[in-house]
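Coordinate analysis (summary)
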Amino acid sequence: YAERREESALRRSGRTVPDATFEPFARIDLGPVDAILARHGHRPRAALRIMDDVQAEYGHLPVAALQHIAHQTGAWYSELYGMATSYPHLRFETPGSHVVAICRCAQCTVAGGGRVLAAFRQHLGTDIGGLSPDGAVRLESTDCRGESAGVPRVTVDGNVLPTVNATDAATIAAALRATVPQGQAA
Amino acid sequence: MAILQGPASWPSILLARASVAGAATDIEAAEGAGAWTAWRQAAASLTPEQVIRLVSTSGLRGRGGSGHPTGAKWQACAAWPSAIRYVVANGFEADPGAQLDRTLMETDPHAVLEGVVLAAYAVRATTAIIAVNSRYTTAIERLRAAITAAESKGYLGANAMSTGSELWVEVRELAGSFVLGEETVLLRALEDRRAQPDQRPPYPTELGLWGEPTVVNNVETLAAVPWIVANGSSAYAAIGAHAAPGTTLIQLSGAIRNPGIVEVPLGTTLREVLDGVGGGPTGTFKAALVGGPSGGFLPVEALDTPLGFGELSAAGAILGSGTVVVADQTTCLVDLSALLTRYLNDEACGKTIPCRIGTRRLAELGQGFCTGRSRPSDAALVASLSADIQDAALCGLERTAVNPLLTGMRYFGQEFADHIDRGSCPAGVCQPIRVASVAH
Ligand SMILES: Cc1cc2nc3c(=O)[nH]c(=O)nc-3n(C[C@H](O)[C@H](O)[C@H](O)COP(=O)(O)O)c2cc1C
Ligand code: SF4
Ligand code: FES
């Protein structure tokens, strides 16, 4: 509800709203989707497994593929769309060039993870599960499973950072975004 | 994470085979250390009803967090009229800071599988599903290997252990948010549907997977069942506390000397676990967060609380995921409880108003405390909003999401008052700048 307010304020501001979810309406090659559907017998009861496989194939869940799954299985598009949005690992946008992942467990929170996450939120201009507006960096969650000792678990493109604080987060965010030229992402 | 050794007087049930070489991957080694004897015994000489009675009299209670008596759950499922029943083992381990279930599934997949098989036999289910977090690749691999090995020995399959009935076990990998660990959400995910909880009752034992009666148990609960069948229910009831017999896995982390996982008899006090096994805190102890992100903060005075379902909830915490995170004096509990509330709000599904708006308002109030944007009445507002959320909650996430803030305010009221009334943070973590009140 709070993010809705932010979003509508942004829309009212008259600026163009970067919305990566509109991109995937572009046509895609549906061959792999058909193969996956055939493997699952075109059953709507396998929808989650079908979407998992499609994401594994394309790196994301293109909306065109979702429409195709709806046509082929007979499941309502709205039902599939609602399902896909209720699973945080399914994403409609392309993965982005870099991935920053942060653990939000109690121990990482004790170790200062809250401020690091706030810094990433601010400097990447997105929240967990989202892509920075320039399409360069994706912010995701990871699980440390209690392994991180005194440092919140943050990974950049899969590599664990030995130490990180809010200032480092700002530097990392800026450095990652600088590696992708504006307008060329995704 | 290290497996810690408790005092010699603590029995080893769940981690008994953790030290047996090869028991995790080789069925012969596991059998050499006692695996599958309970199922052989039960198939030969016990009726399903007798298995349920054994589990009921052992007093085993669910380790998934709720502490529901396992025997009663099985009885309810077996008694519901239906031709098809399911058993689902919950190995999702929703708490991102816990790895107890993973440790169990990786070190002793045969105990989990044998427990699943005994549960299926007891309620006459022919299909059982072990739902495992998709990030647990080793556990998934070992469980699948255990299933294949058990099938080739005839313990599972078309004529499982010569009982004349079929029994199939399957591993499903699932990914999702914190709420996916909740049993109705887990069932919806197994049905390939939207990850949102359903109202209970009807409980899954009546209306579960695909509308059929279903037993959902935590993998740790199930792993204790073979021991009970093999050693008798009175032997199990004699271990641990009277109200909650047996052992459970506890994970110690945070500001503690020996972090790790230990098998503890229920009824042991937190102090015994933290000081005796964990070696005490590294700094000056401030609070222990018991039960994962939706657990409660317990101060040093509450450390004599025994580990048990009733005792912990009376103190404001839960057994939950089984994790105990120690926070020292450098942490600010106002900040911590606000951040945990925000996390729980982010992970909530948004199906109901207390879920979508209640937890969000709670997180905003918590954040207000840290940034100096709160009113003197906000503490009372948190208390009344929490009570409303607990009353109106659809699922356990919301019901427990109020724990961090409520226990924080209950035990560390002075720290909250410092933030709200004086705009200062004693630990020096937050910058609650008191904005001069403009209008009254
Ligand atoms: C938010 C939430 C998360 C949960 N996560 C888990 C989990 O990760 N693993 C688990 O076994 N039970 C979890 N539970 C508890 C389950 O709903 C359920 O009670 C349990 O699997 C039943 O097994 P038991 O009777 O053996 O405890 C969770 C509950 C809630 C409300
Ligand atoms: S308006 Fe009501 S029915 Fe619609 S999404 Fe909101 S709460 Fe649900
Ligand atoms: S998380 Fe939404 S109803 Fe519980």
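Residues numbered from 1 in each chain as written. Chains lettered and ligands numbered in written order. Predicted model: local features only at pLDDT ≥ 70, side-chain atom pairs only at ≥ 80, totals over all residues. Heavy atoms only, no water.

**Things to note about the overall build of chain B**
The test is simple: Helix and strand assignments follow DSSP, with helices taken as H or I runs no shorter than four residues and strands as E runs no shorter than two, numbered in order from the N terminus. Taken over C-alpha atoms, the radius of gyration is set against a globule rule of 2.2 Å times the number of residues to the power 0.38. Exposure classes here rest on a 1.4 Å probe applied to the protein chains alone. A residue is buried below 20% of its type maximum, exposed above 50%, and partly exposed in between. Working rule for contacts: check all heavy atoms of both residues, and any pair within 4.5 Å makes them a contact. Per-residue and other accessible areas were derived by the Shrake-Rupley procedure at a 1.4 Å probe size, with only the shown protein chains allowed to occlude residues. Counted as positive: Lys and Arg. Counted as negative: Asp and Glu, with His and the chain ends omitted from the count. Just so you know, the charge point we use is NZ for Lys, CZ for Arg, CG for Asp and CD for Glu.
Counting its secondary structure elements, chain B contains 18 helices and nine strands. Expected size for 440 residues packed as a compact globule is a radius of gyration near 22 Å; at 23 Å, chain B falls within 12% of this value. Across the 440 residues in chain B, those meeting the buried criterion constitute 59%. Within chain B, contacts between residues at least 6 apart in sequence are counted, and of these 70% link residues at least 24 apart. As presented, chain B carries roughly 15,900 Å² of accessible surface, and 52% of it is formed by carbon and sulfur atoms. One way to put it: in chain B the 32 positive side-chain charges average out to a point 4 Å from where the 41 negative ones average out.

**Examining the pattern of salt bridges**
In plain terms, the rule: One speaks of a salt bridge when a side-chain nitrogen belonging to Lys or Arg is within 4 Å of a carboxyl oxygen belonging to Asp or Glu.
Throughout the structure, instances matching the rule amount to 32 salt bridges over all chains. The residue Arg 124 of chain B makes a salt bridge to Glu 49 of chain B at a minimum N-O spacing of 2.8 Å. With Arg 124 of chain B in the loop between helix 6 (109-123) and strand 2 (127-133) and Glu 49 of chain B in helix 3 (residues 48-58), the pair connects residues that are 75 residues apart, well separated along the chain. Looking at Arg 124 of chain B, the relative accessible area reads 51%, which means it is exposed. Here Glu 49 of chain B falls in the partly exposed class, since its relative accessible area comes to 39%. Taking the shortest distance from any N to any O, the salt bridge between Lys 73 of chain B and Glu 183 of chain B comes out at 4.0 Å. Linking Lys 73 of chain B in helix 4 (residues 70-79) with Glu 183 of chain B in helix 8 (residues 183-190), this pair joins segments that are 110 residues apart in sequence. A relative accessible area of 15% places Glu 183 of chain B in the buried class. Connected via shared salt-bridge partners are Arg 104, Arg 121 and Asp 127 of chain A together with Arg 342 and Asp 346 of chain B.

**Some words on the interface of chain B and chain A**
As a reminder, the rule being used: Note on terms: buried area is the combined drop in 1.4 Å-probe accessible area of two parts once they are placed together, counting the loss on both. Polar contacts, as used here, are pairs of N or O atoms within 3.5 Å; protein pairs need one atom able to donate a hydrogen and one able to accept it. Residues neighboring in sequence count only if both atoms are side-chain atoms.
Taken together, the contacts link 41 residues of chain B with 35 residues of chain A. Three residues, Pro 96, Asp 192 and Arg 194 of chain B, lead the burial of chain B against chain A; their summed loss comes to 20% of the area buried on that side. Applying the counting criterion to the chain B and chain A interface returns 20 residue pairs in polar contact (both at pLDDT 80 or more). Breaking the side of chain B that touches chain A down by element, the ones donating at least two residues are strand 5 (247-254), strand 9 (323-328), helix 13 (333-347) and helix 14 (353-371) of chain B. Of all the elements, helix 13 of chain B adds the most residues to the side of chain B that touches chain A, at seven residues.

**Brief notes about the side chain of Thr 155 of chain A**
Its location among the elements puts Thr 155 of chain A in strand 4 (residues 154-156). In this view, Thr 155 of chain A contacts Val 99, Val 100, Ala 101 and Val 160 of chain A; residues no more than four positions away in its chain are not counted.

**With respect to the site of ligand 1**
All names here are of chain B. We apply this condition: A molecule or strand has a residue near it when one of that residue's heavy atoms lies within 4 Å. Side-chain classes follow a simple rule in which Ala, Val, Leu, Ile, Met, Phe, Trp, Tyr, Cys and Pro form the nonpolar group, Asp, Glu, Lys and Arg form the charged group, and the remainder, Gly included, forms the polar group.
The full set close to ligand 1 counts 18 residues, and Gly 64, Lys 73, Ala 94, Asn 218 and Thr 221 are the nearest of them. In the model, a nitrogen atom of ligand 1 is placed 3.4 Å from a nitrogen or oxygen of the Gly 181 main chain. Residue assignment for the shell around ligand 1 shows that the elements contributing at least two residues are strand 4 (214-218) and helix 16 (396-401). Per element, the largest residue contribution to the shell around ligand 1 is three residues, and it comes from strand 4. Residues belonging to the shell around ligand 1 are distributed by class as follows: four nonpolar, nine polar and five charged.

**Some words on the confidence of the model for chain B**
All names here are of chain B. The condition is simple: Scored between 0 and 100, pLDDT is the confidence that the predictor attaches to each residue.
Per-chain confidence: chain B averages 92 in pLDDT, with 98% of residues scoring 70 or above. Within the model, pLDDT remains below 50 along residues 436-440, and this stretch shows zero contacts once partners closer than five positions in the same chain are excluded. Two numbers describe this predicted complex: its pTM, 0.90, and its ipTM, 0.85.

**Observations regarding helix 7 (residues 113-124) of chain A**
Rule in force here: Expected span of a helix, by definition, is 1.5 Å for each gap between consecutive residues, and there is one gap fewer than residues.
Between its first and last C-alpha atoms helix 7 of chain A spans 16 Å; for 12 residues at 1.5 Å apiece the expected length is 16 Å, and the two agree. Turning to helix 7 of chain A, its buried residues number three or more, namely Gly 113, Gly 114, Val 116, Leu 117, Ala 119, Phe 120, Arg 121 and Leu 124 of chain A. Residues of helix 7 of chain A that are buried sit in contact with strand 1 (98-103), helix 6 (106-110), strand 3 (137-142), strand 4 and helix 8 (166-178) of chain A together with helix 13 of chain B. Once helix 7 of chain A ends, the next one or two residues include Gly 125 of chain A, with phi positive near 65°.

**Considerations on unusual backbone geometry**
All names here are of chain B. For the bond from Arg 200 to Pro 201, the omega torsion is -10°, close enough to zero to count as cis. Within the secondary structure, Pro 201 sits in the loop between helix 8 and strand 4. Here Pro 201 and Pro 202 are connected by a cis peptide whose omega angle stands at 0°. Within the element layout of this structure, Pro 202 appears in the loop between helix 8 and strand 4. Backbone geometry at Glu 93 places phi at a positive 45°, although glycine is not the residue there. Locating Glu 93 in the fold gives a position in the loop between strand 1 (86-91) and helix 5 (100-107). Since its relative accessible area comes to 6%, Glu 93 is described here as buried. We note that Ser 162 has phi near 55°; this positive angle belongs to a residue other than glycine. Here Ser 162 falls in the exposed class, since its relative accessible area comes to 63%.

**Considerations on the sheet that holds strand 3 (residues 168-174) of chain B**
Residues and elements named next belong to chain B. As a reminder, the rule being used: Strand pairing follows a simple DSSP-based rule, namely that at least 2 bridges must link the two strands. Note on definitions: angles span 0 to 180 degrees between N-to-C directions of axes, and those axes are lines fitted to C-alpha atoms, for helices only across the stretch in contact.
One open sheet holds the four strands; their spatial order is 3-2-1-4, and the pairing between them is parallel. Each edge of the open sheet carries a strand with a single partner, namely strand 3 and strand 4. Here the strands of the sheet are splayed against their neighbours by 20° on average, with no regard to which way each runs. In this structure, strand 1 lies alongside strand 2, joined through six bridges in parallel fashion. Paired with Gly 91 across the bridge in strand 2 is Val 132. Here helix 7 (residues 137-152) sits on the sheet and contacts strand 2 and strand 3; the angle it forms with strand 3, its principal contact strand, is near 170°.

**A word on the side chain of Ser 233 of chain B**
Structurally, the position occupied by Ser 233 of chain B is in helix 10 (residues 233-237). Discounting chain neighbours no more than four positions away, the residues touching Ser 233 of chain B are Leu 54, Thr 57, Ser 58 and Ile 228 of chain B.

**Brief notes about the packing of aromatic side chains**
Quick note on the threshold: Centres within 6.5 Å are what make two rings of Phe, Tyr or Trp a pair, Trp counting through its six-membered ring; a difference in plane orientation under 30 degrees is then read as stacked, over 60 as edge-to-face, and the rest as tilted. Only when the NZ of Lys or the CZ of Arg is both within 6 Å of the ring centre and within 35 degrees of the ring normal is a charge said to sit over the ring.
What the rule picks out here adds up to seven aromatic pairs over all chains. Between the aromatic rings of Tyr 81 of chain A and Phe 92 of chain A, the centroid separation amounts to 5.2 Å while the plane-to-plane angle is 5°, which identifies the pairing as stacked. In this pair, Tyr 81 of chain A sits in helix 5 (residues 77-86) while Phe 92 of chain A sits in the loop between helix 5 and strand 1, placing the two residues 11 residues apart along the sequence. Among the residues examined, Tyr 81 of chain A registers a relative accessible area of 36% and is labelled partly exposed. The buried category is assigned to Phe 92 of chain A, whose relative accessible area is 10%. Members of the aromatic cluster, joined through ring pairs, are Tyr 77, Tyr 81 and Phe 92 of chain A. Geometry around Trp 210 of chain B places Arg 45 of chain A over its ring, the cationic atom sitting 3.9 Å from the centre.

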